[in-house]
Amino acid sequence: MISTLGQTMESPNFTNLDPAMFFLLGIPGLEQFHLWLSLPVCCLGTATAVGNIVILVVVATEPVLHKPVYLFLCMLSTIDLAASLSTVPKLLAILWCGAGHISAPACLAQMFFIHAFCMMESTVLLAMAFDRYVAICHPLRYATILTDTIITRIGVVAMVRGSLLMLPCPFLIGRLRFCQSHVIPHTYCEHMAVVKLACGDTRPNRVYGLTAALLVIGVDLFCIGVSYAFIAQAVLRISSREARSKALGTCGSHVCVILISYTPALFSFFTHRFGHHVPLHIHILLANVYLLFPPALNPVVYGVKTKEIRERVVRVFQRGKGAGIKMSE
């Protein structure tokens, strides 16, 4: 499969490249700004690593946070860290020194992991919406519905769903012939950016890519909307304004994360398929916003808006500071 992918690739601009290699161009039209663009990328990558590791450490070390909503948050942080590792190192290498060379197997692997992690994250966001629905609409049954076994199964389903939906894409690409170029005008091996380089029949790839995206984004957004419709209905039946505000407050962090995650995803999805007059660098910038911003902002949102996490973060750092003082003494 890999040999077919690379054997027929030729590029007049990169004739010295191994034929089984791709070359990631970065952001066409903004090459002179690559070094400057690396600064926010580096900041977002660092924020992603620090923020999500802090969330994982705090939840792991504080038994009081071993609740379904925080366990789902740990799943989200783990996926965000893995997705960031799949993109940020190569992206920085491209922006810093133009090191866009990537082998065909590595390109297919990056494509698989990036899209699979995005699908897993969508599944976890749906699970978090279900958690809020049960907490507000069926509070007395919360502990019996969201047991440790159910949470574990949801995590397994998220992994399996993302992996299985993305698995056919590398095989579908492996059957294509790349007889014109192996230069990808993108910062990572995005599915459609690679498919557009092929000179054969790419309809199966396009149809499957669109179907998988609709199955994930469409179905998950619909189910999240239904969950919040039931939540709104239940909240409106609460007579006390204070209780109503408290119930809505428990959903605030999750709603913010949904907006942060799905808004750039939808913009990227629709401009890529229907925005034919949108400049290429805008397409690529939107795709990078979709990959870089949610992982960096999710821990901040939960850290700022969730009192339990905010207090535990302060406590963990105070504990670490106290231990450091004792060692110095």
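These numbers come from a predicted model, not from an experiment.

A.B. asks: Can you help me understand the sheet that holds strand E3 (residues 183–184) in this one?
C.D. replies: In a beta sheet, neighbouring strands are held together by backbone hydrogen bonds and run either parallel or antiparallel to one another. Spatial ordering of the open sheet is given by E2-E1-E3, a layout of 3 strands whose pairing is mixed. Sheet topology places strand E2 (101–103) and E3 at the edges, where each strand pairs with a single neighbour. Summarising the sheet, strand E1 (residues 21–24) and E2 pair through 3 bridges and their orientation is antiparallel. By the bridge assignment, Met 21 is partnered in E2 with Ser 103. Across the sheet, helix H4 (residues 104–137) lies against E1, E2 and E3, angled at about 90° from E2, the strand it touches most.

A.B. asks: Help me out: how do you make sense of the environment of Val 314 in this one?
C.D. replies: Mapped onto the elements, Val 314 comes out in helix H12 (residues 307–328). Here the alpha-carbon distance between Val 314 and Val 58, two residues 256 residues apart in the chain, equals 9.6 Å.

A.B. asks: Looking at this structure, how should I read the packing of helix H6 (residues 148–166) against helix H9 (residues 203–236)?
C.D. replies: A pair of packed helices can be characterised by two numbers: the angle between their axes and the separation between those axes. It is at 10 Å that the axes of H6 and H9 come closest, and there the two elements cross at 155°. As summarised for this structure, H6 and H9 are arranged roughly antiparallel, according to the angle between their axes. Counting all contacts with H6, which are made through Arg 161, Leu 164 and Leu 165, the residues of H9 involved are Tyr 208, Ala 212, Leu 215, Val 216 and Asp 220. Residue composition of the contact of H6 with H9, by class: 6 nonpolar, no polar and 2 charged.

A.B. asks: Where do I start with helix H11 (residues 280–305) in this structure?
C.D. replies: Because the α-helix completes a turn every 3.6 residues, residues three or four places apart line up on one side. Relative to the 38 Å expected for 26 residues at 1.5 Å per residue, H11 spans 36 Å between its end C-alpha atoms, a close match to the ideal helical length. Most pronounced at Phe 293, the bend in H11 amounts to some 30°, and the proline Pro 294 follows within four residues.

A.B. asks: Would you take a moment to explain the state of the cysteines for this structure?
C.D. replies: Linking two cysteines covalently via their sulfur atoms produces the bond known as a disulfide. Going through the model one piece at a time under the given rule, you end up with 1 disulfide. Shown here is the disulfide that connects Cys 107 with Cys 189, its sulfur atoms set 2.0 Å apart. When the S-S torsion is -120°, as for the bridge of Cys 107 with Cys 189, the disulfide is left-handed. Taken together, the positions of Cys 107 in helix H4 and Cys 189 in the loop between E3 and helix H8 (191–195) put the pair 82 residues apart, joining distant regions of the chain. Like Cys 107, the residue Cys 189 is buried in the burial classification. Unpaired in this structure, Cys 43 has its nearest cysteine sulfur neighbour in Cys 42, at a distance of 6.1 Å.

A.B. asks: Whenever I open this one, the packing of aromatic side chains confuses me. Can you help?
C.D. replies: The relative placement of two aromatic rings is captured by the distance of their centres and the angle of their planes. Counted by the stated rule, this structure contains 4 aromatic pairs. Geometrically, the ring pair formed by Tyr 133 and Phe 230 is tilted, given 5.9 Å between the ring centres and 55° between the ring planes. Remark: Phe 230 occurs in helix H9 and Tyr 133 occurs in helix H4; sequence separation between them is 97 residues. A relative accessible area of 42% places Phe 230 in the partly exposed class.

A.B. asks: What's the story with the nonpolar core in this structure? I'm lost.
C.D. replies: It is characteristic of soluble globular proteins that their nonpolar side chains tend to be buried jointly. In terms of nonpolar packing, the biggest core is built from 71 residues, with Phe 22, Phe 72, Ile 184, Cys 189 and Val 194 touching the most fellow members. Among the elements that make up this core, the one with the highest residue count is H4 (17 residues). Sequence-distant contacts of Val 194, defined by excluding residues within four places in its chain, comprise Phe 22, Cys 107, Met 111, Ile 173, Phe 178, Ile 184 and Cys 189. Of all hydrophobic cores here, the second largest spans 8 residues; its members include Val 41, Leu 91, Leu 292 and Ala 296.

A.B. asks: Honestly, the pairing of E1 in this entry has me stumped. Any pointers?
C.D. replies: Where a strand is regular, its side chains alternate between the two sheet faces. Side chains Met 21 and Phe 23 project from E1 onto one buried face, and the interleaved Phe 22 and Leu 24 project onto a second face that is buried too. Bridge count for E1 against E3 is 2 bridges, and the pairing is parallel. Bridge pairing in E3 places Leu 24 opposite Ile 184.

A.B. asks: Would you explain a nonpolar patch on the surface in this entry?
C.D. replies: A cluster of nonpolar side chains, namely Val 156, Met 159, Val 160, Leu 164, Leu 167 and Phe 171, defines an oily patch on the protein surface of about 580 Å² accessible area. The leading source of residues in the nonpolar patch is H6, at 4 residues. The class for Met 159 is exposed, based on a relative accessible area of 52%.

Criteria and thresholds
- Residues numbered from 1 in each chain as written.
- Predicted model: local features only at pLDDT ≥ 70, side-chain atom pairs only at ≥ 80, totals over all residues.
- Heavy atoms only, no water.
- Pairing = 2+ DSSP bridges.
- Helix = DSSP H or I, 4+ residues; strand = E, 2+ residues; numbered from the N terminus.
- Contact = heavy atoms within 4.5 Å.
- Axes fitted to C-alpha atoms, helices over the stretch in contact; angles between N-to-C directions.
- Parallel < 35°, antiparallel > 145°, perpendicular 65-115°, else oblique.
- Nonpolar A, V, L, I, M, F, W, Y, C, P; charged D, E, K, R; others polar.
- Expected span 1.5 Å × (residues − 1).
- Bend = angle between axes of the 7 residues up to and from the residue.
- Disulfide = S-S within 2.5 Å.
- Buried < 20%, exposed > 50% of the residue type's maximum accessible area, 1.4 Å probe, protein only.
- Phe/Tyr/Trp six-rings, centres within 6.5 Å; stacked < 30°, edge-to-face > 60°.
- Core = buried A, V, L, I, M, F, W, Y, C linked by side-chain atoms within 4.5 Å.
- Patch = residues over 30% accessible without salt bridge, like charges linked within 9 Å, V, L, I, M, F, W, Y side chains within 5 Å.
- Areas by Shrake-Rupley, 256 points an atom, 1.4 Å probe, with all protein chains shown as cover.
- Salt bridge = Lys/Arg side-chain N within 4 Å of Asp/Glu carboxyl O.

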